[in-house]
Amino acid sequence: MIRFKEALYRWIFTVMAFTSLFFLLGIIIVLLREGLPILMAVGPFKFLSGVHWYPTYDPAEFGIFPLIIASLSVAIGAMVVAVPLGVGSALYLHELAGERIRHILKPAVEILSAVPSIVFGFFGMMIVAPFVQKIFHVPTGLNAFTAAVVMGIMAIPTIASLTEDALGFVPRSFKEASYALGASRWQTLIKIVLPAAGSGVSTAIILGMSRIVGETMTVLMVSGGAAVIPHSIFDPVRPMTSTIAAEMGEAVTGSLHYSALFAIGLVLFLMTLTLNIISENISKKYRIKLGLDR
Amino acid sequence: MKNKIIEKIGFLFLFLCIAITLFFLATIVYFVVSRGLPALSWEFLTEAPRKSMTAGGVAPAIIGTFYLIVGTILFALPLGLATAIYLCEYSPRGYFVSIIRMSINNLAGVPSVVFGLFGLAVFVKYCGFGVSILSGSLTLSILILPGIISASQEALTAVPFSLREASLALGATHWQTIKRVVIPTAFPGVLTGVILGIGRAAGETAPILFTAATFFTRDYPSSPLSECMALPYHIFALMTEGSHPDQQAVIAYGCALILMVLVFMVSGIAIYLRKRFRQAFTH
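Definitions and limits used
- Residues numbered from 1 in each chain as written.
- Chains lettered and ligands numbered in written order.
- Predicted model: local features only at pLDDT ≥ 70, side-chain atom pairs only at ≥ 80, totals over all residues.
- Heavy atoms only, no water.
- Contact = heavy atoms within 4.5 Å.
- Buried area = accessible area lost by both parts, 1.4 Å probe.
- Salt bridge = Lys/Arg side-chain N within 4 Å of Asp/Glu carboxyl O.
- Polar contact = N/O pair within 3.5 Å; in protein donor to acceptor, adjacent residues only side chain to side chain.
- Helix = DSSP H or I, 4+ residues; strand = E, 2+ residues; numbered from the N terminus.
- Nonpolar A, V, L, I, M, F, W, Y, C, P; charged D, E, K, R; others polar.
- Phe/Tyr/Trp six-rings, centres within 6.5 Å; stacked < 30°, edge-to-face > 60°.
- Buried < 20%, exposed > 50% of the residue type's maximum accessible area, 1.4 Å probe, protein only.
- Lys NZ or Arg CZ within 6 Å of the ring centre and 35° of its normal.
- Expected span 1.5 Å × (residues − 1).
- Bend = angle between axes of the 7 residues up to and from the residue.

## Here we look at the interface of chain A and chain B
- Contact with chain A, which involves 74 residues of that partner, is made by 76 residues of chain B.
- Between chain A and chain B lies a buried interface of about 6900 Å² when both sides are counted; carbon and sulfur atoms form 81% of it.
- Looking only at chain A, the three residues that lose the most surface to chain B are F13(A), F122(A) and W186(A), adding up to 10% of its buried area.
- The tally of links between chain A and chain B comes to one salt bridge.
- Taking the shortest distance from any N to any O, the salt bridge between E110(A) and R274(B) comes out at 2.5 Å.
- Across the contact surface, chain A and chain B share 10 residue pairs in polar contact (both at pLDDT 80 or more).
- For the side of chain A that touches chain B, the leading source of residues is helix α13 (residues 256-289) of chain A, giving 11 residues.
- Broken down by class, the residue content of the side of chain A that touches chain B amounts to 51 nonpolar, 16 polar and seven charged.

Here it is as C-alpha cells:
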C-alpha cells in the first residue's frame, strides 16, 4: 500500500512538472495554428518584408516590416540609455558603495524593477512626452525617442541587478592578483573585474533587450502608434507588441487581421526566444569558465 | 598622478550613473505620489465610478485585481511547487529534467502580450470561458509560473540534507519526508516566490487585455466567469478612452498610486522574507 502511494505521488509530480513544457509547446502550437492563414495568404517573406500595414483597408495589406523596424529602433534606443546607466550603477554598487549603502540600494533597485509597466507608460505619457515635445520642438511627444527613453529607464534595474550578480561571481583572487601587480582600483575594476564578468554582463544586457522587445503597455502608450517606417527618431512608431495589443480588440475572430496579429506574436516569440537562448548559452559557458558549475 | 586623475573621473562617472538612475526612479515615484495622493479618499477606495468615469471611486477595479490575484495564485502555486518538488526531490539528473528546465527558462522570457494571445485562443475561445476572471487568472498563472518554480526550487535546495536523512532514518517514506519535513522547512522561501508572483500578477496588463479586463462594469463580478475591471487596465483605459481626459487623468494617478503602493509593499515583504530565509540556512 505504502509503496503504491509512493509511486503514485512520484507519478503525479512527474506529470505536473511537465506542464511548463506543455505550456511552451501550447504557445508555439497556438501561434502557428492561428498565424498560419495569413502566412499562407500573403506568404511568409512578403509578410515580413512588406512595408504597408493597412489591416482594415480594402484590399487590406499585411506587411510588418515597419513594425519590426519600430520594435528594433525602440529597443536599441532603450539600450543606449539603459546599458551605460545599468552597468555603471552595478559597478558603483559593487566597488564603491559601502556595505550599508549597498544594503539599502540593492533592494531599492530590485523593488523598482517590480514597478508595473503600465505605471511607466502612464508616467511617459503624462510627464516625459510633454517635456520631450517642448524641449525638441516636435509635433508630438509620443514618438520613438520618448518610448526609447522610458523603456530605457525601465530596463535599468534589470540590467543593474543582473550585472551586479555577475560582478559578485568574479573570484576575489582575480582582484588580489591585479592589486599585487600594482594596478589601481579603477584599473582593476575596468580591466580585470568587468572583463572577467563579461559574459555575465552580456547575459544581463541581452535579457534586458529581450524584455524590452517584448514590453507592451509602455510602448503602446508612448510610442505614438503610426505604422510607417520612421524617418527620424522623433517620428511616432508602432512596435509589434503594441500593434497586437491595440488591434486585437477590433479584429474579428478568424479574419485575416486576427490571424496576422497571431503571426506577429509568433515573430515576437521567435525573436525573444533567440535572445534568451543566446543569453543562456553565454551564461552557461561563463559559469564553467569561472569554475562555478561542475 | 595621471592614473589617480583617471580613477577619480571614472569613479565620478559611476557615481553619476547611479545618481541619474535613482533620480529617474525617484521622479516617477514623486509624480505618482504627489498627484495620486489628492485623488485618494475613502470614497475613491470603496465606491464604483460615477458620471462616465469622472467621479466616484475605483472599488470594482480593486476588487477585480484582487480576484485575479487569488485565481492566479490558486493555479500557479500548486503547479509551481509540484514542479520544483519534482526537480529537487524526485528527478534523476537526466534528459527529461534538462528539457523541463529549458522550457521553464524559455517560458520566463515569453513576452507578456504573447501570453495574452495564448489565453485568448485557448481559454477565452477554445475552452469557452469567455472574457472572464477565470481566463485572466489562468493566463496570468502561466506568466508567473516560472517565477514560482525558481523561488520554490531555491527554497527546497536550501533545506539541509541532514533533515531529510534524519527523517528517512526514522523510517519515514520519501513522500512523508517531503510532506512533513521538506515542505514546511522550505515554506518561507516558497512564500517569497508567491508574494513576488502577486506583485507581478497585480501589475501586468497585456495578458488580461483580451482575457479578463473591461473598462466598466456596473456590478461587482459575481462569478469566475464574469469579466472584471482591474487596476492596471483601468489606468490604460482612462488614458485612452472616454471623453473627459483631464478628470480621468486624476483618477488614473490615483489608480497608479494604489498599484505602486501595492507592488512596493508586496516586493518589500518578499525581499525581507527572502533575506531572513537565506540567513536562517547560512548560519
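## Some points on the packing of aromatic side chains
- Inspection of every chain in the model, using the stated rule, returns 20 aromatic pairs over all chains.
- Where F13(A) meets W175(B), the ring centres are 5.6 Å apart and the plane angle is 45°; that geometry is what we call tilted. With one member in each of two chains, F13(A) in helix α1 (residues 2-17) and W175(B) in helix α8 (residues 174-203) form a pair that bridges those chains.
- Ring geometry for W186(A) versus F11(B): centroids 5.8 Å apart, planes at 80°, classification edge-to-face. Taken as a pair, W186(A) in helix α9 (residues 185-196) and F11(B) in helix α1 (residues 2-36) lie in two separate chains rather than in one.
- Classification of F11(B) as buried rests on a relative accessible area of 13%.
- Ring pairing ties together the aromatic residues Y9(A), F13(A), Y90(B) and W175(B), which thus form one cluster.
- Just above the ring of F161(B) sits the side chain of R164(B); from NZ or CZ to the centre is 4.8 Å.

## Side note on unusual backbone geometry
Residues and elements named next belong to chain A.
- At H137, a position not held by glycine, the phi torsion is positive, near 50°.
- Mapped onto the secondary structure, H137 falls in the loop between α6 (117-136) and α7 (144-169).
- Residue classification places H137 among the exposed positions, given a relative accessible area of 70%.

## Topic: the side chain of T272(A)
- Secondary-structure assignment places T272(A) in helix α13.
- A distance of 3.1 Å separates the side chain of T272(A) from the backbone oxygen of F269(A), its partner in a polar contact.
- Those residues within four positions of T272(A) in sequence are excluded, and the remaining contacts are S210(A), V213(A), G214(A), G109(B) and P111(B).

## Let's talk about α7(A)
All names here are of chain A.
- Here α7 contains 26 residues, and its C-alpha end-to-end distance of 36 Å stays within 8% of the 38 Å for a straight helix at 1.5 Å per residue.
- The principal kink in α7, of about 35°, is found at A155, preceding the proline P157 by one to four residues.
- α7 sits mainly inside the fold: 20 of its 26 residues count as buried.
- The N-terminus of α7 is capped by N143, whose side-chain oxygen sits 3.1 Å from the backbone nitrogen of F145.

Purely spatial values, then, with no claim about function.
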